[in-house]
Amino acid sequence: MSVEQELTHTTFLQREYNFKHTTYNDEISTMSAIRHGDVEKARHIIDTFLDDGCGHLSDDPSRNAQYMFVAGITLMTRFAIEGGMLEKDAFNLSDLYIQKMDQCRTSLTDIRALYEQASLDFATRVHKLQKNNVYSKPVLLAVDYIYDNLHYNISVEEVAREVNLSPSYFSALFKKETGVSVASYIRNMRIEAAKNMLQFSDYSYQDIGNYLAFSSQSHFISTFKKQVGMTPKEYRIKHFSTNWRN
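Each value, and the rule that gives it
Residues numbered from 1 in each chain as written. Predicted model: local features only at pLDDT ≥ 70, side-chain atom pairs only at ≥ 80, totals over all residues. Heavy atoms only, no water. Core = buried A, V, L, I, M, F, W, Y, C linked by side-chain atoms within 4.5 Å. Buried < 20%, exposed > 50% of the residue type's maximum accessible area, 1.4 Å probe, protein only. Helix = DSSP H or I, 4+ residues; strand = E, 2+ residues; numbered from the N terminus. Contact = heavy atoms within 4.5 Å. pLDDT = per-residue confidence, 0-100. Phe/Tyr/Trp six-rings, centres within 6.5 Å; stacked < 30°, edge-to-face > 60°.

(A) Region of the structure containing the nonpolar core. In this structure, Met76, Ile146, Phe174 and Leu212 are the most contacted members of the largest nonpolar core, which totals 64 residues. Among the elements that make up this core, the one with the highest residue count is helix α10 (residues 182-200) (ten residues). Every residue in contact with methionine 76, bar those within four places of it in the chain, is listed here: Met31, Ile34, Ile45, Tyr115, Ala118, Ser119 and Phe122.

Here it is, written out as structure tokens:
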């Protein structure tokens, strides 16, 4: 990865999570509990709420907690959608918890308790959706590895090495269980991530393409259009204003 790519990657992470000190790996590790429907791990999400590494959005402690609550719920919503939750259900749940938070007024204790409840609720709902989609351990490990490394150029050989299988055996196993090739799955996940970023952020099309390891902006646009049926610009115009939650 070049210095420019590393810089772009770091800038994205800082803007995406708005945390001053919390590392990307720590944040992904905690919030991934939502995407995996891991209820026990989701219990630890509360540990990152209002800690020393979180963003400072207001000098007023109560207002800062409210802002951070909304930011955290937004992340939970996005990870829940990636975990298989329907968008309308995830957004309805998000709205419900934000409305409940608004009723907490100035109680930091109540806001913190509600944040913990929300993380467990999202994780539990995703878990129920995923419990019938059972993959073998190598495929589960591969899916996690691909998800965590979408901003790199990932090869089949690299993923196979991570799960300790030969490329040929791993490729056959992965396609048998998921119904698509490894390369297709990686491309699909990149497009899903791009859709998420187009809906829920104001990153430029070029930045999104670079971040998700597309070789060029034109490659990103053509791949996205082939997969989704519209350009990234058309997709953002259609979805951003209706799906973004302040």
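(B) Main features of the confidence of the model for the chain. With 78% of its residues at a pLDDT of 70 or more, the chain has an overall mean of 81. Within the chain, helix α8 (residues 156-162) carries the highest mean pLDDT (95), whereas helix α1 (residues 3-17) carries the lowest (56). Predicted confidence for residues 19-25 stays below pLDDT 50, and this span has 21 contacts to residues more than four positions away or in other chains. In this model, residues 242-246 is a region of pLDDT below 50 whose contacts with residues beyond four sequence positions or in other chains number eleven contacts.

(C) Up close: unusual backbone geometry. You will see that asparagine 164, though not glycine, has its phi angle at about 60°, which is positive. Here asparagine 164 is to be found in the loop between α8 and α9 (167-178). For asparagine 164, a relative accessible area of 69% corresponds to the exposed category. One non-glycine residue with positive phi stands out, namely alanine 213, at about 65°. By the secondary structure assignment, alanine 213 is in the loop between α11 (205-211) and α12 (217-228). On the basis of relative accessible area, alanine 213 is assigned to the buried category, the value being 17%.

(D) Summary view of the environment of arginine 161. Locating arginine 161 in the fold gives a position in helix α8. Residue class for arginine 161 comes out exposed when judged on its relative accessible area of 57%. Remark: the alpha-carbon pair of arginine 161 and alanine 142, spanning 19 residues in sequence, is separated by 9.7 Å.

(E) Representation of the packing of aromatic side chains in the model. Per the stated rule, a full pass over the model turns up seven aromatic pairs. Between phenylalanine 69 and tyrosine 115, the aromatic rings sit 5.8 Å apart at their centres with planes inclined by 65°, giving edge-to-face as the arrangement. Of this pair, phenylalanine 69 sits in helix α4 (residues 61-82) while tyrosine 115 sits in helix α6 (residues 108-130), and the two are 46 residues apart along the sequence. When sorted by exposure, phenylalanine 69 lands in the same class as tyrosine 115, which is buried. Between phenylalanine 214 and phenylalanine 220 the ring centres are 5.1 Å apart and the planes differ by 50°, which places this aromatic pair in the tilted class. Pair check on accessibility: phenylalanine 214 and phenylalanine 220 agree, each one buried. Members of the aromatic cluster, each reached through a chain of ring pairs, are Phe214, Phe220, Phe224 and Tyr235.

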